[in-house]
Amino acid sequence: MKSARTRRLVESGIAVALSAALGLVKVYQLPQGGSITAGSMVPVFYLSLRWGARTGVVAGALLGLVNFVLEPVFVHPAQFLLDYPLAFGVLGVAGLFRKLPWLGVVAGGAGRFLSHYVSGVVFFAQYAPRGTSPWVYSAVYNGSYMLPEVVVSVVLTLLVLRALPAPEGL
Amino acid sequence: MELLRSLTLGQYVPRASPVHRLDPRTKILAATALMVVVFLVRDFRGLGVFAAFLAAAVALSQVPAGFVLRGLRPIWILLLLTLVLQIFFGASGGGTPLWRLGPFVATREGLVQGLFVTARLVLLVVCTSLLTFTTSPVELADGMERLLRPFRRVGVPAHELAMMMTIALRFIPTLVEETEKIMKAQMARGADLDTGGLLRRARALVPVLVPLFVSAFRRAEELAVAMEARGYRGGEGRTRMKQLRYRAQDLWAALAVAGISVLVLWPGRW
């Protein structure tokens, strides 16, 4: 039992590192500034499917903090929580869908989009003047990179799972 | 396909300055307090005093000012957008017109408000940069563990989080290097990683990701075995080589932050 605990802890740490490393590989640069990474969410999805949602959420939240330490963007306390620990922590819900990994990835990705989306709205409510529509802007901006990113993640997670099955709990 | 170009992990700038020597807990708490203060400031005078204080702290930290300004790079579009939007729409309904751009009127009130929120954003970013420039990622993880310790009672796994963070930070450079190596190896075999549409590129990444996952998870297994062989049993009763300890300088820093907060926020000051 003890051994599984250490194993889970170390695998979480390494998965976070792998996510951060893959995040540095930009596969596709979008014209308006966002970019698609080489499946930077896949390690966290894989970890969640392997160890369960709890482990995935903790590792995801940690990935958020690591991303913050690597390149901090802090403009509002709510924005910080939504864009970092929450946005990435919610990726872990993929672990609830072990029977249907693709649905798990979609759910996790949708959660992350929602978190960035709300953060965008909060930010614009704070800084942009009345009259501009934060809802539309935030949806367009965050959707433009999250949608392809989720598509890439579904494909890659499924293919990685096929090559490297994730036995539950190990 | 160059990813290692700018891999100084995190943004730590090693110097032997008084700011670097502060306890990481002091710095995390001070940065948090300062960010709250920036949000509460309501006038330019307050922002000015605050900016002077931050500038002094940056000077004391011996981090080149250019580095600090570079921290603004990820958000400069955001800054510009905020400023422009505020100039034209900041004064809802009315305001003194300054100039026109097609149907849009720039107002004096909008300009003032735009400068104010932009200055606030810049100060916020400088606060975070100062923390990450003067505190190494490992120190940050250490400080985080100690600060979260009181929350263990409510189920926050402080030790586990800090341990994972330390492992993650330690292995990011290793895994970046490995990613690059595998990508080059597959390209040498004719893999075409950067042409075609999105799905094509995603599929092309499979021969990179699979070996990467195999080696990363094997690494994890070896590390777990090595840790247990050395008696790792989780956070309880674990000792450390470098103990965090508050010193006199931490008290001074705390007093300085408290002082500046009062000075900036006191309603009827001066």
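Criteria and cut-off values
Residues numbered from 1 in each chain as written. Chains lettered and ligands numbered in written order. Predicted model: local features only at pLDDT ≥ 70, side-chain atom pairs only at ≥ 80, totals over all residues. Heavy atoms only, no water. Core = buried A, V, L, I, M, F, W, Y, C linked by side-chain atoms within 4.5 Å. Buried < 20%, exposed > 50% of the residue type's maximum accessible area, 1.4 Å probe, protein only. Helix = DSSP H or I, 4+ residues; strand = E, 2+ residues; numbered from the N terminus. Contact = heavy atoms within 4.5 Å. Salt bridge = Lys/Arg side-chain N within 4 Å of Asp/Glu carboxyl O. Patch = residues over 30% accessible without salt bridge, like charges linked within 9 Å, V, L, I, M, F, W, Y side chains within 5 Å. Areas by Shrake-Rupley, 256 points an atom, 1.4 Å probe, with all protein chains shown as cover. pLDDT = per-residue confidence, 0-100. Polar contact = N/O pair within 3.5 Å; in protein donor to acceptor, adjacent residues only side chain to side chain. Phe/Tyr/Trp six-rings, centres within 6.5 Å; stacked < 30°, edge-to-face > 60°. Expected span 1.5 Å × (residues − 1). Bend = angle between axes of the 7 residues up to and from the residue. Axes fitted to C-alpha atoms, helices over the stretch in contact; angles between N-to-C directions. Parallel < 35°, antiparallel > 145°, perpendicular 65-115°, else oblique. Nonpolar A, V, L, I, M, F, W, Y, C, P; charged D, E, K, R; others polar.

A.B. asks: Break down the nonpolar core for me, citing the residues and quoting the values.
C.D. replies: Grouped together as the largest cluster of nonpolar side chains are 118 residues, with contacts concentrated most on Val 10 and Ile 14 of chain A together with Phe 50, Met 165, Leu 175 and Phe 213 of chain B. A total of 13 residues in this core trace back to one element, the largest contributor, which is helix H8 (residues 158-188) of chain B. Not counting chain neighbours up to four residues away, the residues in contact with Val 10 of chain A comprise Ile 167, Ala 220, Leu 223, Ala 224 and Met 227 of chain B.

A.B. asks: Tell me what's going on with the pattern of salt bridges, and back it up with residues and numbers.
C.D. replies: Within this structure, the stated rule accounts for seven salt bridges over all chains. Of the charged contacts, one joins Arg 7 of chain A and Glu 11 of chain A as a salt bridge, the two residues approaching to 3.2 Å between their closest N and O atoms. Here Glu 11 of chain A and Arg 7 of chain A lie together in helix H1 (residues 2-23), a separation of four residues that amounts to about one turn. When sorted by exposure, Arg 7 of chain A lands in the same class as Glu 11 of chain A, which is buried. Note that Glu 11 of chain A is salt-bridged to Arg 50 of chain A, the shortest N-O span being 2.8 Å. Taken together, the positions of Glu 11 of chain A in helix H1 and Arg 50 of chain A in helix H2 (residues 42-51) put the pair 39 residues apart, joining distant regions of the chain. Pair check on accessibility: Glu 11 of chain A and Arg 50 of chain A agree, each one buried. Here the salt bridges do not stand alone but share partners, grouping Arg 7, Glu 11 and Arg 50 of chain A together with Glu 221 of chain B into one network.

A.B. asks: Give me the interface of chain A and chain B: which residues, what numbers.
C.D. replies: Listed per partner, the contact involves 60 residues of chain A and 65 residues of chain B. The interface formed by chain A and chain B holds two salt bridges in total. Its salt-bridge partner being Arg 7 of chain A, residue Glu 221 of chain B comes within 3.8 Å of it at the nearest N-O pair. Contributions of two or more residues to the side of chain A that touches chain B are made by H1, strand E1 (26-29), H2, helix H3 (53-70), helix H5 (101-127) and helix H6 (134-163) of chain A. Ranked by residues supplied to the side of chain A that touches chain B, first place goes to H1 of chain A with 17 residues.

A.B. asks: Which residues make up a nonpolar patch on the surface, and what values go with them?
C.D. replies: Residue and element names in this part refer to chain B. Where nonpolar side chains cluster on the molecular surface, the patch consists of Phe 89, Leu 98, Trp 99, Leu 101 and Phe 104 and spans about 460 Å² of accessible area. Counting residues per element, the nonpolar patch draws most heavily on strand E1 (residues 97-101), which supplies three residues. Within the secondary structure, Phe 89 sits in helix H5 (residues 76-89).

A.B. asks: Please set out the confidence of the model for chain A residue by residue, giving values where relevant.
C.D. replies: When pLDDT is averaged across chain A, the result is 85; 88% of the residues are at 70 or more. By mean pLDDT, the top-scoring element of chain A is H2 of chain A (95), and the lowest-scoring one is E1 of chain A (71).

A.B. asks: Quick rundown of unusual backbone geometry? Include the residues and the values.
C.D. replies: Positive phi values are uncommon outside glycine, yet Gln 62 of chain B reaches one of about 60 degrees. On the secondary structure map, Gln 62 of chain B appears in the loop between helix H3 (44-61) and helix H4 (65-70).

A.B. asks: I'd like to hear about the side chain of His 116 of chain A, residue by residue, with values.
C.D. replies: Residue and element names in this part refer to chain A. As for its position among the elements, His 116 is in helix H5. Here Asp 83 takes part through its side chain, which lies 2.8 Å from a polar atom of the side chain of His 116. Every residue in contact with His 116, bar those within four places of it in the chain, is listed here: Asp 83, Ala 87, Ser 138, Asn 142, Tyr 145 and Met 146.

A.B. asks: Give a description of the packing of aromatic side chains that names residues and reports values.
C.D. replies: Residues and elements named next belong to chain A. Scanning the entire structure with this criterion turns up ten aromatic pairs over all chains. Between the aromatic rings of Phe 68 and Phe 80, the centroid separation amounts to 4.8 Å while the plane-to-plane angle is 70 degrees, which identifies the pairing as edge-to-face. Placement of the pair is Phe 68 in helix H3 and Phe 80 in helix H4 (residues 77-89), with a sequence separation of twelve residues. For Phe 80, a relative accessible area of 17% translates into the label buried.

A.B. asks: Describe in detail H4 of chain A, supporting the description with residues and values.
C.D. replies: Residue and element names in this part refer to chain A. In a regular helix each residue adds 1.5 Å, so 13 residues correspond to 18 Å; H4 covers 17 Å between its end C-alpha atoms and thus fits that length. Of all bends in H4, the biggest is about 30 degrees, found at Asp 83, and the proline Pro 85 comes one to four residues later. Every buried residue of H4 is accounted for by Gln 79, Phe 80, Leu 82, Asp 83, Tyr 84, Pro 85, Ala 87, Phe 88 and Gly 89.

A.B. asks: Report on the packing of helix H2 (residues 24-40) of chain B against helix H7 (residues 137-148) of chain B, specifying residues and quantitative values.
C.D. replies: All names here are of chain B. Close contact between H2 and H7 brings their axes to 8 Å; oriented N to C, the two are set at 80 degrees. Comparing their axes, H7 and H2 come out roughly perpendicular. In this structure, H2 contributes Pro 24, Arg 25, Ile 28 and Leu 29 to the contact, and H7 contributes Glu 139, Leu 140, Gly 143, Met 144, Arg 146 and Leu 147. Residue composition of the contact of H2 with H7, by class: six nonpolar, one polar and three charged.

A.B. asks: Tell me about the side chain of Ser 261 of chain B, and please be specific about residues and values.
C.D. replies: Residues and elements named next belong to chain B. Its location among the elements puts Ser 261 in helix H11 (residues 248-265). Here Val 257 takes part through its backbone oxygen, which lies 2.6 Å from a polar atom of the side chain of Ser 261. Apart from residues lying up to four places away in sequence, Ser 261 is in contact with Val 37 and Trp 266.

A.B. asks: Now, about H5 of chain B: what can you tell me, with residues and values included?
C.D. replies: A rise of 1.5 Å per residue sets the reference length of H5 of chain B, with its 14 residues, at 20 Å; its end C-alpha atoms lie 20 Å apart and thus fit the reference within 8%. Those residues of H5 of chain B that fall on the buried side of the exposure criterion are Leu 79, Thr 82, Leu 85, Gln 86, Ile 87 and Phe 88 of chain B.

A.B. asks: Quick one: what's the story with the environment of Arg 230 of chain B, residue by residue and with numbers?
C.D. replies: All names here are of chain B. Relative to the helices and strands, Arg 230 is located in the loop between helix H10 (206-229) and H11. Relative accessible area serves as the criterion here: at 70%, Arg 230 is assigned to the exposed category. C-alpha separation for the pair Arg 230 and Pro 150, spaced 80 residues apart in sequence, amounts to 27 Å.

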